[in-house]
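# Fold and contact review
Take a look at the letters that make up each chain.
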Amino acid sequence: MTVQQEAGAAGEALEVWIDQDLCTGDGICVQYAPEVFELDIDGLAYVKSAGDELLQAPGATTPVPLPLLTDVVDSAKECPGECIHVRRVSDRVEVFGPDAE
């Protein structure tokens, strides 16, 4: 089963956000998906906008581009801080991350 099938996200928009209170700054997310994540000068990871702007507001979200979905999900699964949350935009239900069912 592909990540897209597992998420039930065929054509459904997903977004990702990072809880900086839990971020350990290991940078695994940046290794998996540098187009979506970036470490800031404070040593914590943040999501980036589609225009490559670092989004530092607490709870800031960014869309998950379908070609990068597997990389974003892998980063959430491998994150030692368990701080990466991937959810459906339509109902804000977490599909990958520490609060996913």
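An unreviewed UniProt entry lists the chain under the name Ferredoxin, with Streptomyces phaeolivaceus as the source organism. The UniProt entry for the chain carries the following text under Function (unreviewed entry): "Ferredoxins are iron-sulfur proteins that transfer electrons in a wide variety of metabolic reactions." Listed in UniProt under the heading Cofactor (unreviewed entry), the comment for the chain reads: "[4Fe-4S] cluster".

On to the state of the cysteines. If you walk through the whole model with that rule in mind, you get 0 disulfides. Not part of a disulfide, Cys23 finds its nearest cysteine sulfur in Cys83, a span of 4.5 Å. No disulfide involves Cys79; its nearest neighbouring cysteine sulfur is the one of Cys83, lying 3.6 Å away. Take Cys79: its relative accessible area is 12%, and that puts it in the buried class.

With that settled, consider the nonpolar core. Inside soluble globular proteins, nonpolar side chains tend to come together where they are buried. Within the largest apolar cluster, 24 residues are counted, with the highest numbers of intra-cluster contacts made by Val16, Phe37, Val72, Ile84 and Val86. Contributing elements (two or more residues each) for this core: strand S1 (14–18), strand S3 (45–48), helix H3 (69–78), strand S6 (84–88) and strand S7 (94–96). Counting residues per element, this core draws most heavily on H3, which supplies 4 residues. If we ignore the near neighbours within four places in the chain, the residues touching Ile84 are Val16, Trp17, Ile18, Cys29, Phe37, Ser75, Ala76, Cys79, Phe96, Gly97 and Pro98.

A few words on the pairing of S6. Counted residue by residue, S6 has 5 buried out of 5 residues, so it is predominantly covered. Bridge count for S1 against S6 is 5 bridges, and the pairing is antiparallel. Bridged to Trp17 within S6 is His85. Sheet topology note: the S6/S7 ladder contains 2 bridges and is antiparallel. Bridge assignment links Val86 to a residue of S7, and that residue is Phe96. Count of turn residues in the S6/S7 antiparallel hairpin: 5 residues, of which Arg92 carries a positive phi of about 60°.

Here 4 strands make up an open sheet; going across it, the order is S5-S1-S6-S7 and the pairing antiparallel. Single-partner strands in this sheet number two, and they are strand S5 (62–63) and S7. Of the strand pairs in this sheet, S1 and S5 are connected by 2 bridges, and their pairing is antiparallel. What sits directly across from Glu15, in S5, is Pro63. Sitting on the sheet, H3 is in contact with S1, S6 and S7, with an inclination near 135° to S6.

Scoring rules and cut-offs
- Residues numbered from 1 in each chain as written.
- Predicted model: local features only at pLDDT ≥ 70, side-chain atom pairs only at ≥ 80, totals over all residues.
- Heavy atoms only, no water.
- UniProt positions renumbered as here; feature names shortened; annotations may be inferred.
- Disulfide = S-S within 2.5 Å.
- Buried < 20%, exposed > 50% of the residue type's maximum accessible area, 1.4 Å probe, protein only.
- Core = buried A, V, L, I, M, F, W, Y, C linked by side-chain atoms within 4.5 Å.
- Helix = DSSP H or I, 4+ residues; strand = E, 2+ residues; numbered from the N terminus.
- Contact = heavy atoms within 4.5 Å.
- Pairing = 2+ DSSP bridges.
- Axes fitted to C-alpha atoms, helices over the stretch in contact; angles between N-to-C directions.

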